[in-house]
Amino acid sequence: MRGVAGTRETPVVVVANRLPVDQVTLGDGSTEWRPSPGGLVAALEPVVQSSGGTWVGWPGAPDTELDPFDADGMHVVPVALSAEEVAEYYEGFSNGTLWPLYHDVTGEPVFERRWWDAYRTVNQRFADAVAEVADGPGTVVWVQDYQLQLVPDMLRRRRPDLRIGFFDHIPFPGWEIYARLPWRKQIIDGLLGADLIGFQRGGDAANFLRAARSTSGVVTRGSVIERGDGRQLRAAAFPISVDAAALDELSRRPETLARAAELRRDLGNPTTIVLGVDRLDYTKGILHRLRAYGELLDEGRLGAPDVVLVQVASPSRERVEEYQRLRDEVEVTVGRINGDHSAVGHPAVHYLHQTFPKEEMAALYLAADVLLVTPLRDGMNLVAKEYVACRHDERGSLVLSEFAGAADELRQAFLVNPWDIDGLKDAVLRAIAVAPAEAARRMRAMRRRVSEFDVHRWASAFLGGLEMVAESKAERAAP
Ligand code: G6P
């Protein structure tokens, strides 16, 4: 029997902007490796590990030339970026242009021609690195996310023998927004080099198909795209997920349970712990959430220190101006709420601008009575799924933005429009007051969904789909 790519029989080459580990330089000049931030790495690491595959990516620091090495069951191939490329390709085009544009302009996209040149140069470097390391015909290469949208076509030109998949972890915007991009056609043509393009939601795939028809003149039938040169590909939704079994196991460990109890004690044994966990990013709706929470305190509908809010905001893209501005605004807002509502030794908001290991996160999830996941726009949001996967006790409520991909699946959450501050306040109060039996019913249903559609199922659905597209192509090519 032929193995589905991504199982032990067929190693997969994952190409992502970041490696799963970042090299960090410490104060004394020495370096150490740390886990990389974000949902992409968390989801793909188990996939590459279980297939004994290869990961091609940037080690997270400028001017770092490293030889390939093996780590945690993966072959790791580092791609170096100069300081200027970090500024123009990563901070510039990827995170100053594409990120705000693709998240429905929740931030202002900057169109800078130099950044586009750097984006092309760096994408070509990634494509060249993969062309060198990928094995012979039929090898599966899986390109990840908005930083590398030109790689599929660049790679196909050098290695037409490969099977090329692409997965977009973030939203794909509607045509009216996407059409502003001066390089809209080049990006679509880059993606059309793939055999299969995956998106988080059906709406993202539909937006992409529309953009492909408008810019590149392709014909689409359902999810199938006819390129006009005889080659066919597909674009469809494959909602990403978490390693539910691993998180469930972690959350049941005695040390995790003990740490959760300790956290509650350290927070002063409040009646209710409300939690937010985000990268400090303007798409995450942190300011809207703080405004809602602050108003509930002002109006006396919630009372500190009976109720506390813990907001983990992990540092992200700190050299990009919009992120610096957001950090200032969040910190002023937290300071104001604490000034008005804290007591000595009992802050109303515990604000943690830090990154924690997954063991600590599992304990925080267990300690929290309510998790607020209220992004203004988010591809999926794996924090929501991690929370559900950790709540083996079937307790805890989830307040979830309808603008997160996770809202398509976690229907039993308290769904909110995060722009509607009054609606958000009502949802927070309902999530706090919900009867335990009702909370358990909701959590059980969400846990069933996340454990059935976990990250392994996501990967095998995508890689199985890629194999099918590539095979039907081979059949058509046969005499
Ligand atoms: C999101 C993106 C990822 C990215 C992560 C962390 O999850 O989809 O591609 O890696 O954020 O952001 P960073 O810029 O630090 O890689």
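Look up a bit, the structure's there.
For clarity, every value in this text was computed on a predicted model and none was experimentally measured. (Residues numbered from 1 in each chain as written. Predicted model: local features only at pLDDT ≥ 70, side-chain atom pairs only at ≥ 80, totals over all residues. Heavy atoms only, no water.)

Undergrad: Quick rundown of the site of the ligand? Include the residues and the values.
TA: Residues in close proximity to the ligand total 13 residues, the closest being Arg18, Tyr90, Asp145, Gln147 and Arg317. At 2.5 Å from an oxygen atom of the ligand is found a side-chain nitrogen or oxygen belonging to Asp145. Coverage of the ligand by the protein amounts to 92% of the 370 Å² it exposes when considered alone. Of the residues assigned to the shell around the ligand, the class counts are five nonpolar, four polar and four charged. (Near = heavy atom within 4 Å. Polar contact = N/O pair within 3.5 Å; in protein donor to acceptor, adjacent residues only side chain to side chain. Areas by Shrake-Rupley, 256 points an atom, 1.4 Å probe, with all protein chains shown as cover. Nonpolar A, V, L, I, M, F, W, Y, C, P; charged D, E, K, R; others polar.)

Undergrad: Give me the nonpolar core: which residues, what numbers.
TA: By size, the foremost hydrophobic cluster in this structure holds 93 residues, and its most contacted members are Ile187 and Phe208. The element contributing the most residues to this core is helix H3 (residues 113-133), with ten residues. Among all residues touching Ile187, those that are not within four sequence positions of it are Phe93, Leu98, Tyr102, Trp116, Tyr119, Gln149, Leu150, Tyr178 and Leu181. In terms of nonpolar packing, the next biggest core, distinct from the first, is built from 67 residues, Leu19, Leu382, Val383 and Met443 among them. (Core = buried A, V, L, I, M, F, W, Y, C linked by side-chain atoms within 4.5 Å. Buried < 20%, exposed > 50% of the residue type's maximum accessible area, 1.4 Å probe, protein only. Helix = DSSP H or I, 4+ residues; strand = E, 2+ residues; numbered from the N terminus. Contact = heavy atoms within 4.5 Å.)

Undergrad: Summarise the packing of helix H10 (residues 286-298) against helix H14 (residues 421-433); cite the residues concerned and give the values.
TA: One way to put it is that H10 packs onto H14 with a least axis distance of 9 Å and a crossing angle of 65°. Here H10 is positioned roughly perpendicular relative to H14, judged by the angle of their axes. Considering only the axes of H10 and H14, their crossing is right-handed. Contacts between H10 and H14 involve His288, Arg289, Arg291, Ala292, Glu295 and Leu296 from the first element and Ile421, Leu424, Lys425, Val428 and Leu429 from the second. Of the residues contributing to the contact of H10 with H14, the split by class is six nonpolar, one polar and four charged. (Axes fitted to C-alpha atoms, helices over the stretch in contact; angles between N-to-C directions. Parallel < 35°, antiparallel > 145°, perpendicular 65-115°, else oblique. Left-handed = near helix turned anticlockwise from the far one by under 90°.)

Undergrad: Hey, could you go over the packing of helix H8 (residues 244-252) against helix H9 (residues 254-266) for me, with residue numbers and the actual values?
TA: Remark: H8 packs on H9, axes separated minimally by 5 Å, with the N-to-C direction vectors making an angle of 65°. From H8, Leu250, Ser251 and Arg252 reach across to H9, where they touch Pro254, Thr256 and Leu257. Looking at the contact of H8 with H9 residue by residue, the class counts come to three nonpolar, two polar and one charged.

Undergrad: Help me get a handle on the pattern of salt bridges, residues and values and all.
TA: Counted by the stated rule, this structure contains 44 salt bridges. Taking the shortest distance from any N to any O, the salt bridge between Glu88 and Arg114 comes out at 2.4 Å. Remark: Arg114 occurs in helix H3 and Glu88 occurs in helix H2 (residues 83-102); sequence separation between them is 26 residues. Residue Glu88 is classed as buried on the basis of its relative accessible area, which comes to 14%. What emerges from the salt-bridge pattern is a single network uniting Glu295, Glu299, Arg301, Asp422, Lys425 and Asp426. (Salt bridge = Lys/Arg side-chain N within 4 Å of Asp/Glu carboxyl O.)

Undergrad: Run through the sheet that holds strand S4 (residues 54-58), naming residues and quoting values.
TA: Reading across the sheet, the ten strands line up as S5-S6-S4-S1-S7-S8-S9-S12-S11-S10 and stay open at both edges, with mixed pairing between neighbours. On the outer flanks of this sheet lie strand S5 (69-71) and strand S10 (219-221), each paired with one strand and no other. Between one strand and the next, the sheet's axes are offset by a mean angle of 25°, whatever the strand orientation. Pairing of S10 with strand S11 (residues 224-226) involves three bridges; the strand directions are antiparallel. Bridging from a neighbouring strand, Thr220 pairs with Ile225 of S11. With respect to the sheet, H3 is in contact with strand S1 (13-18), S4, strand S6 (74-78) and strand S7 (140-144), its orientation differing from that of S4 by roughly 155°. (Pairing = 2+ DSSP bridges.)

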